[in-house]
Every structure is written in structure tokens, then in C-alpha cells.
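Structure at a glance
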Amino acid sequence: MNILHKLARRRRAWLVLVVGLLVSACVPIRLEAKWPSVSLIGPEKNIMVAYHDRLVLVDRRDGTPVKLRNADGEVRLDEQGNPRVWEFVTTDGGQPSQFYSAPVLTENNQLLVATNHNKLFRIDLPTARPASTAGTDLPGAVLADPVLAGSRLLVGLAESDLVALEGQSFSTEAWRIETQRGVWSDPLLLDDVLYFGTIDHHLIAVNASTGAELWRLNLEGAVVGQPAFRDGHLYVGSLARKLFDISLDGRILAEYNTEDWVWASPALVDGVLYAADLSGTVYALSVNSGGFRELWRAKPAGDSIAGRPLVWNEYVIVGSRDRNVYWLNRNNGTTFFFRTVADEVLSDPVLIEPDEIVDIPEAYVIVSTVAHGELLVAFTAQNGERVWTYRR
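Residues numbered from 1 in each chain as written. Predicted model: local features only at pLDDT ≥ 70, side-chain atom pairs only at ≥ 80, totals over all residues. Heavy atoms only, no water.

1. Focus: the nonpolar core
Note on soluble globular proteins: their nonpolar side chains tend to be buried together. In terms of nonpolar packing, the biggest core is built from 32 residues, with I47, V58, W263, I366, L376 and W388 touching the most fellow members. For this core, the secondary-structure elements that each account for two or more residues are β2 (46–51), β3 (54–58), β31 (350–352), β32 (364–368), β33 (376–380) and β34 (386–390). Sort the elements by how many residues they give to this core and β2 lands first, with 3 residues. If near-sequence neighbours (up to four positions away) are discounted, W388 is found in contact with I47, V58, D59, R60, R61, D62, G63, Y364, I366, L376, V377 and A378. (Core = buried A, V, L, I, M, F, W, Y, C linked by side-chain atoms within 4.5 Å. Buried < 20%, exposed > 50% of the residue type's maximum accessible area, 1.4 Å probe, protein only. Helix = DSSP H or I, 4+ residues; strand = E, 2+ residues; numbered from the N terminus. Contact = heavy atoms within 4.5 Å.)

2. Comments concerning unusual backbone geometry
Despite not being glycine, N118 shows a phi value in the positive range, around 60 degrees. In this structure, N118 sits in the loop between β8 (110–114) and β9 (119–124). For N118, a relative accessible area of 30% puts it in the partly exposed group. Phi at E220 takes a positive value of approximately 75 degrees, unusual for a residue other than glycine. Here E220 lies in the loop between β18 (213–218) and β19 (228–230).

3. Section: the side chain of D200
Looking at the secondary structure, you find D200 in the loop between β16 (193–197) and β17 (202–207). Of the buried charged residues, D200 lacks a salt bridge, with R216 as the closest side chain of opposite charge at 5.0 Å. Reaching out from D200, the side chain makes a polar contact with the backbone nitrogen of Q180 at a distance of 2.6 Å. From its side chain, D200 meets the backbone nitrogen of R181 in a polar contact 3.2 Å long. The residues touching D200, leaving out its near neighbours within four places in the chain, are T179, Q180 and R181. (Lys, Arg positive; Asp, Glu negative; His and termini not counted. Salt bridge = Lys/Arg side-chain N within 4 Å of Asp/Glu carboxyl O. Polar contact = N/O pair within 3.5 Å; in protein donor to acceptor, adjacent residues only side chain to side chain.)

4. Topic: the pattern of salt bridges
In this structure the tally under the stated criterion is 23 salt bridges. The partner of R84 in a salt bridge is E79, with the nearest N and O atoms 3.6 Å apart. When its relative accessible area of 68% is taken as the criterion, E79 is described as exposed. In the salt-bridge network here, residues are joined through shared partners; they are D53, R54, E87 and R392.

5. As for the sheet that holds strand β11 (residues 147–149)
Ordered in space as β11-β12-β13-β14, the 4 strands form an open sheet in which the pairing is antiparallel. Both edges of this open sheet fall to β11 and β14 (172–177), since each of them pairs with a single strand only. Averaged over all pairs of adjacent strands, the angle between their axes in this sheet comes to 25 degrees, without regard to strand direction. Here 4 bridges tie strand β12 (residues 152–156) to strand β13 (residues 162–166), and the two strands are oriented antiparallel to one another. Residue pairing across strands places L154 opposite A164, the latter belonging to β13. (Pairing = 2+ DSSP bridges. Axes fitted to C-alpha atoms, helices over the stretch in contact; angles between N-to-C directions.)

6. Focus: the environment of R323
The topology assignment puts R323 in the loop between β28 (315–319) and β29 (324–329). Judged by relative accessible area, R323 falls into the partly exposed class, the value being 40%. R323 sits 21 residues away from E344 along the chain, and the two C-alpha atoms are 4.7 Å apart. Apart from residues lying up to four places away in sequence, R323 is in contact with R339, T340, V341, A342, D343 and E344.

7. Focus: the sheet that holds β8
One open sheet accounts for 4 strands, arranged β7-β8-β9-β10; its pairing is antiparallel. Each having just a single partner strand, β7 (104–105) and β10 (136–137) make up the two edges of the open sheet. In this sheet, β9 lies alongside β8 in antiparallel orientation, the contact comprising 5 bridges. By the bridge assignment for β9, L111 is matched with I123.

8. Structural notes on the packing of aromatic side chains
Under the definition given, this model contains 13 aromatic pairs. Arranged with centres 5.3 Å apart and planes meeting at 90 degrees, the rings of Y315 and F336 form a pair that is edge-to-face. In this pair, Y315 is assigned in strand β28 and F336 in strand β30 (residues 335–340), connecting sequence segments 21 residues apart. A ring pair is formed by Y326 and F338, whose centres lie 5.7 Å apart and whose planes are at 40 degrees; its orientation type is tilted. Remark: F338 occurs in strand β30 and Y326 occurs in strand β29; sequence separation between them is 12 residues. On the basis of relative accessibility, which here comes to 44%, the residue F338 falls in the partly exposed class. (Phe/Tyr/Trp six-rings, centres within 6.5 Å; stacked < 30°, edge-to-face > 60°.)

Shown next, in the form of C-alpha cells:
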């Protein structure tokens, strides 16, 4: 049975990421079959939410949509006198385009946004205006976050291959790396070398300037998460129920067996690798002396943990499909406390640092759910108090 059928049968709707990809698996697909992509954008570090048919910029202080302003700093108003807010919605042939990846911010303050309807849009960050309402045609649908490398945009395609696009509208293909299945892993760019995972079980290294493939390593299962990097080592999980320590020249240095599929990227802090899997288990592994040494493993959640662990102070913070967010003891994995939200937590949690200038008195943890009534929830990082909720 191929990996797409396994994804459809074993993980139900939340792994149904792209309509075109999984139609062949005979899976009924709801319109919003994906969790939000949440990232911090621009010098203000406000929260960009890419979900379903729109992009929305949310104020990190209070969870309200960011208001658009004119050159004099005055809030722009619509015909009814209401404030205009930062939102971008587009359709392709009457059908809503769906956004599955975070935008890329360029040096001239433009966002490059890829959709699963084979389009790339360039949007002015200050005004939310697109350079073209039609966008630029892409060679395929996009799930993974694109990467900007100089004047080229490196884009993993959901069905197969990774391409480098160049030109004013990124419409010219400079080079292509062929894969048998899709690229769902966010690529990692280090010193002009691009590392990315594939659904056909490989981690691939490519010279970003020339497109020359440097190596291709079989990791026994689909690679969906972005590799983590430290001191010449890549750390990545796969759907083979394993974590890998890989050298930059493509050798497997160590392996560690997990309870279930490792979907998200691991977090690497102070020589410890923190990872989670779809059984709801969280792992802390020392990597200081080479290889993996288990410090602890814990199973706080009653369902899958699909997002990357967030490590902050004494906590490891994870969200689960069981509709809870857990604050674990970083030293031993025990649960300090948890907070319940309206629906499944599938995105990576995001940390908002304190900022006296904009009146953020302490660190916040931003959690995204698939419920429109709680698309974003901000908790205080220290004690889990609710600060604000963004509702679509």
C-alpha cells in the first residue's frame, strides 16, 4: 500500500492536506481539510494566518485584525466608514484558492504567497494589495513553505519535484530536482545548500545556486518535517517511526525509534532534541556526545501531536488533537498543567516575546485550532492564562 493510501486510512481528515493529492485515495475531503499556517511577519512581528481561502494579519498584542493605514498613519475606512483590515482573499476561476504555507517576505516588503491552485501571488505587506489579481502560474500545487535564495524562489511541489523559479514574476524555471512523490517538508537553506524531505522517503541535499543534487538518503518513511540543524548535524523524523542524526555529507550517524510517525520538525535547544509523534508521545534526547541518549519520554496527550514542540524556560509546550495544550516539565516530561481549546491543535505553537514598546508585558504562546471560533488563542507562556482569542 503506498504512502498516500496509508495517510488517508490511518489519520483521517486532518491529514487530508491537498484535494488533488488524495482524491486517488478515495477519501471524502471537506473544503477546509487543513490546519492554519501561523507565522510572524515583518518588523512589527504581527501574526500572519494562512488558512483556507485567505491570509489575515493579526495584531500580536490583542488578537484583532491589523488595521490598514494611509501614508499619514490614519486608519483607512471602507464605504460604510468601517476600518479596513489586513486581509487577502482570492479566487481562481470562481473557486477559492487555498493557502497551505507561510508567505515569504522579500527585501522590498512584498509577500510571496503560493497556493494549492498552482498560483503565486506578490502582495505588498503595508497595503495588502497584490501586484496582480491573477497571480503567476506555478508548475504545481504547494504545501511546504517556499524559500527565497537570492533572486530565486525554491518551491517544493505537492505531487512531485522541487523547482527553482526566477525572473521578475518567478515564472522561469532555473532548475528542478525530480522526486517520485511530493515535497511536503519545509526546506532548510544552509550556506547555499538546500535540504528537504520527500513523501517517497528521502532527504535530499541540493546546491541552491546550480541545482546540482549533492546526495539523496532513504529514511525508510515519508519525511514531512523540516530538518533541525546544529554543529554540522541534521536531525529529522520520518514516518518510519524514527528520528535520525545525519551528517551534512548525507550519512546516517544515529537512529532512535519512536512510538509512532514523527510528523513535525524537532526542536533543538541547549544540546537537547525535543520531538513528538502521532501517538501523543514527547521525547527529550541528548545529542551533545553524538548519537541519541534518551533523557525522558512522556505521553501527556490522548491523541496525536502534529506540531513542533515549543521549548521556553522550564517548559516544553505541545498541542494535541485531543483539544488540549500541555505545559511539560523540561527536566523530566511530567505535566505541569494543560489548557483546553475548542478544537484540534495541529499547527506549531508560536512564541510572542515581551515588548514594552507595544504593551506586551510577558511572553505569550499562540496556539491555532481548526475551529473558526478559536482560530488563534493566546496564552501567557508562564501560567497558561488566556489573553485573547482571534475568531474568523
